[in-house]
Amino acid sequence: MSVEFIRINEVTKCYKDKAHWLKKGKDVVIGPVTFGLKKGETIAIVGEAGSGKSTIARLLAAAETPDSGYLTHNGIEIDWNNTSFFCKNIRLIFQDAQKSLNPTIKIGQQLEQPLIFNTNLNADERQLKIYSALRMVGLLPEHAEYYPHMFSGGQAQRISIARALILDPEVVIIDEALAPLDPSLRAQVINLLIELQQQHQLTYILISHQISLIKYLSDRILIMDNGQIIEQGNIAEIFANPSHDKTKKLLSSLDM
Ligand SMILES: Nc1ncnc2c1ncn2[C@@H]1O[C@H](COP(=O)(O)OP(=O)(O)OP(=O)(O)O)[C@@H](O)[C@H]1O
């Protein structure tokens, strides 16, 4: 597999817990966290609730800025305020696809928004791109004229994948986005994700509590506990030989 192209280095985020009259506020510290991403690989982030998985995802997508640490892309440091870089290159697929879509705006317009803000494409070029994104996820160009309520849950999840991919990103973060789907739909979406990864050399970050999914999709795994990465490595090796007690407990307790 290729070399690392994105690396987050010693990144930290601290949430100040507001003091309540009954209890003293306790700060939550995530990090320092360091890891790299390679083209075309899938990295699973696993940990108990509240261990910091989604915070890492939000930091990577620059939905939050860290208190310290830095990110490099092909060895060059990227400012966390460089919204154009993050919008284009690192996209999130949301857990609740229906809720993440604006019910009053047609799908085509919702897919067009990232193109308007992040590319120089003209209206005709944007329309072609929207049609090709819809086709890429197994929908039809006509669906651009539909409103979100006209889609099933599985179709809505396909639209959120199309929206994540429309700017040709390098990294897609899947934060529990497959959990709400029923098993047959989940299988379809997983096959679609694998196909798209092979076609476009996408790097996936998978946050999930489903052990079978993690084993099936991932090349590497990061184990988080209390805001820290306590173990990371090749998926087969960590499953066969977990070195940390917490990892053993976690991998045996995740849902099948
Ligand atoms: N905006 C915020 N303000 C204050 N505290 C926050 C905020 N976001 C996250 N936290 C705290 O940071 C910690 C990590 O949260 P995070 O959502 O990253 O965990 P997680 O591992 O993704 O959990 P889950 O599996 O439940 O989604 C938790 O203690 C959480 O309460």
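A brief look at the structure comes next. (Residues numbered from 1 in each chain as written. Predicted model: local features only at pLDDT ≥ 70, side-chain atom pairs only at ≥ 80, totals over all residues. Heavy atoms only, no water.)

### Thoughts on the sheet that holds strand β5 (residues 76-78)
In space, the four strands of this open sheet follow the order β2-β1-β4-β5, with antiparallel pairing throughout. If you trace the sheet from one side to the other, it starts and ends with β2 (28-38) and β5, each paired once. Strand-to-strand, the axes of this sheet are offset by a mean angle of 25°, without reference to chain direction. As paired elements, strand β4 (residues 68-73) and β5 share three bridges and run antiparallel to each other. Across the sheet, residue His-73 finds its bridge partner in β5, namely Ile-76. In the packing of helix α1 (residues 53-60) onto the sheet, contacts are made with β1 (4-15), β2 and β4, and the angle to β1 comes to roughly 120°. (Pairing = 2+ DSSP bridges. Helix = DSSP H or I, 4+ residues; strand = E, 2+ residues; numbered from the N terminus. Axes fitted to C-alpha atoms, helices over the stretch in contact; angles between N-to-C directions. Contact = heavy atoms within 4.5 Å.)

### So, the packing of aromatic side chains
Enumeration over the complete set of coordinates arrives at three aromatic pairs. Consider the rings of Trp-80 and Phe-86, whose centres lie 5.6 Å apart with planes at 10°: the pair is stacked. When its relative accessible area of 11% is taken as the criterion, Trp-80 is described as buried. Judged by centre distance (5.6 Å) and plane angle (40°), the ring pair of Tyr-146 and Phe-151 falls under tilted. Looking at Phe-151, the relative accessible area reads 6%, which means it is buried. Taken together, the ring pairs connect Trp-80, Phe-85 and Phe-86 into an aromatic cluster. Between Lys-39 and the ring centre of Phe-5, over which it is positioned, the NZ or CZ distance is 4.8 Å. (Phe/Tyr/Trp six-rings, centres within 6.5 Å; stacked < 30°, edge-to-face > 60°. Buried < 20%, exposed > 50% of the residue type's maximum accessible area, 1.4 Å probe, protein only. Lys NZ or Arg CZ within 6 Å of the ring centre and 35° of its normal.)

### Side note on the pairing of strand β10 (residues 228-234)
Here strand β9 (residues 220-225) pairs with β10 via six bridges, running antiparallel. For Arg-220, the partnering residue across the bridge sits in β10 and is Asn-234. In sequence, β9 turns back onto β10 through a hairpin of two residues, with Asn-226 there showing a positive phi of about 55°.

### Some details on the pattern of salt bridges
Tallied over the full model, the rule gives 13 salt bridges. The salt bridge involving Glu-145 is made with Lys-106; its shortest N-O contact spans 3.1 Å. You can see Glu-145 sitting in the loop between α5 (123-136) and α6 (153-165) and its partner Lys-106 sitting in the loop between α3 (97-100) and α4 (107-118), a full 39 residues away along the chain. Residue classification places Glu-145 among the partly exposed residues on the basis of a relative accessible area of 48%. By relative accessible area, Lys-106 is classed as partly exposed at 25%. Across the pair Asp-225 and Lys-246 runs a salt bridge, and its minimum N-O distance is 3.6 Å. Taken together, the positions of Asp-225 in strand β9 and Lys-246 in helix α10 (residues 245-253) put the pair 21 residues apart, joining distant regions of the chain. (Salt bridge = Lys/Arg side-chain N within 4 Å of Asp/Glu carboxyl O.)

Purely spatial values, then, with no claim about function.
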